[in-house]
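Below are the chains, spelled out letter by letter.
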Amino acid sequence: MVKYRTVVVNRVMSKGKSHVSVMLNGESVKMMVDTGADISIISRDQWRKIGEPPLRPPSVKAKTASGNTLCVIGEFCAQLTLKQQTENCVVRVTEEQLMLLGADMMDVFGLWDVPLASVRNSVCVATQSMESIRKEFEGLFSHDLGHCKKAKVRMELKEDAVPVFRPKRPVSSAMRPAIAEELDRLEKVRKANGSIRICGEYSTRLNNALQHHQYPFPLPEEIFSTLANSSMFSQIDLTDAFLQVEVEQECRELLTVNTHRGLYAYNRLPPGVKVAPGAFQQLMETMLAGLKDVAVYLNDIVIGGADEHTHLMNLRAVLAKLREYGFKIRPEKCNFMQKQIKYLGHILDCEGQRPDPSKIEAIVNMPTPKNPSEVRSFLGAINYYEKFVPQMRNLRYPLDDLLKKDGHWQWSPECQQAFETFKRILSSDLLLTYYDPRKPNIVAADASSVGIGATISHKMSNGTIKIIQHASCALTKTEMGYSQPDREGLALIYAVTKFHRMIFGRRFTLQTDLPPLLRIFASRMRIPVYTANRLQRWALTLLMYDFKIEYVSTEKFGNADVLSRLIANHQKPDPEYVIASVETERDVRAVIGSITQIMPLTFGEVLRETNKDPLLREVRDFVLHGWTKKKVEKLELRI
């Protein structure tokens, strides 16, 4: 049963209250500062104006100061910019015409000791600047798909390449209308919202037959040196970037996909094609050549500036180039006029660059083992890292006694010292390194019954493994109910989403300790048609990455296993992972909706008729709220 936290929301009059203009998901919004409100709220009308970001069920029950219930219809994760600072926040939506910046945001932005007048003034300046830029480049900020007018991508086959014809994949009768609709949409090149996706399995044959696009990617040091003298930053993310670029006419037949309606060929560059990252990087660098304080890594453009005036000049120069070339950007995927940003494992601000503390956050927050099972996982991690740090073996001796059959569980000071030493070594330069696109990447992911653990590492020239970043997150109640193969598949999706910027467009090794996933996710094999729908979707997501997947036995998988089991209770999924999950669930709902529309009996009809039947209503209540002996006896009597 879901537990709610009850919060208070004042029904305030605007007279005498302070208002601030903030950027909410890239849109300028005016909110009333109300320190008496526990949460921040926007109206349903405003929610629609900012693009209707996906809502999840509310985690709180709201009451007004007078004790009356305030209906919260949902909540969503959002990027909120206030006083040139951007944070990921939870915003609630209500039917009431309320626009409140509550105590939760005051905490996040540290505003309790800041005069509200100064907040209003600084925010208004930044907001007005961005509003003028948005008006100047209004056609650039769009949900439509852009069309690059300055360049096309060419693909070269290897000399020994042999054409292969693949039969179309089986499609159920119920799904055919939905697929046909998506094919029609792709022909018109419009951007869908919540539709199914047509994916070509280019990893099975085409990528092996293509020549590599030999274009060097920028090193982190090169990016950081470009932005070295900056004190203000903006990040622009070109959504569906590859699809905004055409493919040369003579190369389009290589991108042919076989459907139940016949053969289709992509005119635009689809994700998953081996040459796409290198060709796109070359196009971006050509477009932005000569601009100051600008760096680009694939579809992620970072603009700097020594001060606000210089930064706005640089930003306008970049936007002008994007408009000239025909690209489109989605504002909700961008951050503008920030004092500090996170990029490739570093924090960039006016003081320069420094390591991002979140790289080792999963290690620092790792709780002490509480039972023999967690101790075994901890010892497995010691065994794994012993290959690279021989002194690791010395940490296990105080813990071995805890696992003896006649041993009494007692977490001694010696055990705690070994545990703290282990965390200190994992967080030190002895095992950590910085990201270098020239070195091989290894991504490992594992799932337990409570959480997900993942690492990204470099294999060094001497054969040792050094960690770039640790990551973990707790499973939701729904995810805890997944089968083990589904949880392991979810772990892989979490890992590639978390480390996307470091692995996209680069060849890497993906490690799992569940052998069946090799058959489903192997990049050179077709996705088996009998695979469960959820794993099918995840396999299609992985098609855009260039990787080989390998099995590692559970006994040798201690690096990811310990992160998945020793998880702080408060840990939540990363914003990137949440967004990816929302997009996946949106696709699922769209597919289900398409299917049910053509079925003789719909879910809505079942729900309506169930509500009419007294007995079925009681069964529904028992399922939702639990069974008691009294209720069971009552039901048996009625039956």
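Note that the structure is a prediction, hence the values are computed from the model and not measured. (Residues numbered from 1 in each chain as written. Predicted model: local features only at pLDDT ≥ 70, side-chain atom pairs only at ≥ 80, totals over all residues. Heavy atoms only, no water.)

Visitor: Lay out the packing of aromatic side chains in plain terms, naming residues and giving numbers.
Guide: With the rule as written, the count across this model stands at 13 aromatic pairs. Centroid distance F378 to F422: 4.7 Å. Interplanar angle 90°. Geometry classified as edge-to-face. Here F422 lies in helix α12 (residues 413–426) and F378 lies in helix α10 (residues 372–386), a separation of 44 residues in the sequence. These aromatic residues form a ring-pair network of at least three members: F242, F280, F327, F504, F508, Y545 and F547. (Phe/Tyr/Trp six-rings, centres within 6.5 Å; stacked < 30°, edge-to-face > 60°. Helix = DSSP H or I, 4+ residues; strand = E, 2+ residues; numbered from the N terminus.)

Visitor: Quick one: what's the story with the confidence of the model for the chain, residue by residue and with numbers?
Guide: Taken over all residues, the pLDDT of the chain has a mean of 78, while the share at 70 or more is 78%. The weakest mean pLDDT in the chain belongs to helix α19 (residues 575–597) at 49; the strongest belongs to strand β16 (residues 300–303) at 93. Low confidence marks residues 11–16, where pLDDT is under 50. Its contacts with residues over four positions away, or in another chain, come to 10 contacts. Under a pLDDT of 50 for its full length, residues 118–125 has, in the predicted model, 14 contacts with residues more than four places off or in other chains. (pLDDT = per-residue confidence, 0-100. Contact = heavy atoms within 4.5 Å.)

Visitor: Go over unusual backbone geometry, please, and point to the residues and values.
Guide: With a phi angle near 55°, D293 is a residue other than glycine that sits in the positive phi range. Residue classification places D293 among the partly exposed positions, given a relative accessible area of 23%. For L298, which is not glycine, the phi dihedral falls at a positive 60°. Tracing the sequence through the fold places L298 in the loop between β15 (294–297) and β16. Here L298 falls in the buried class, since its relative accessible area comes to 2%. (Buried < 20%, exposed > 50% of the residue type's maximum accessible area, 1.4 Å probe, protein only.)

Visitor: I'd like a rundown of helix α14 (residues 484–498), residues and numbers included.
Guide: Compared with an ideal rise of 1.5 Å per residue, which puts 15 residues at 21 Å, α14 spans 21 Å between its outermost C-alpha atoms and is within 8% of the ideal. Of all 15 residues that make up α14, 12 are buried, and the element is covered over most of its length. (Expected span 1.5 Å × (residues − 1).)

Visitor: Give a description of the packing of α10 against α12 that names residues and reports values.
Guide: At a minimum axis separation of 12 Å, α10 and α12 run at an interaxial angle of 45°. Put simply, α10 runs oblique to α12. Handedness of the α10/α12 crossing: left-handed. Residue-level inspection shows F378, A381, I382 and Y385 of α10 in contact with α12, the latter providing A418, F419, F422 and L426. Its residues assigned to classes, the contact of α10 with α12 comprises eight nonpolar, no polar and no charged. (Axes fitted to C-alpha atoms, helices over the stretch in contact; angles between N-to-C directions. Parallel < 35°, antiparallel > 145°, perpendicular 65-115°, else oblique. Left-handed = near helix turned anticlockwise from the far one by under 90°. Nonpolar A, V, L, I, M, F, W, Y, C, P; charged D, E, K, R; others polar.)

Visitor: Lay out the nonpolar core with the relevant residues and their values.
Guide: Counting residues in hydrophobic clusters, the biggest one holds 97 residues, and the most contacted among them are I236, L238, I301, L319, L322, F327 and F521. Every residue in contact with I301, bar those within four places of it in the chain, is listed here: S234, Q235, I236, L288, V294, A295, V296, V318 and L322. Ranked by size, the runner-up nonpolar core spans 31 residues in total, among them A362, M366, I467 and L566. (Core = buried A, V, L, I, M, F, W, Y, C linked by side-chain atoms within 4.5 Å.)

Visitor: How would you summarise helix α8 (residues 308–325) if you had to cite specific residues and measurements?
Guide: Taking 1.5 Å per residue as the helical rise, α8 with its 18 residues ought to reach 26 Å, and the 26 Å between its terminal C-alpha atoms agrees with that figure. Among the residues making up α8, those that are buried are H311, L312, N314, L315, V318, L319, L322 and Y325. The arc that holds the buried residues of α8, viewed along the axis, is 165°, so those residues lie on one side. Regarding α8, its N-cap is D307, as a side-chain oxygen of that residue lies 3.2 Å from the backbone nitrogen of H309 further along. Within two residues after α8, G326 carries a phi angle of roughly 100°, on the positive side. (Arc of directions from axis to C-beta. Polar contact = N/O pair within 3.5 Å; in protein donor to acceptor, adjacent residues only side chain to side chain.)

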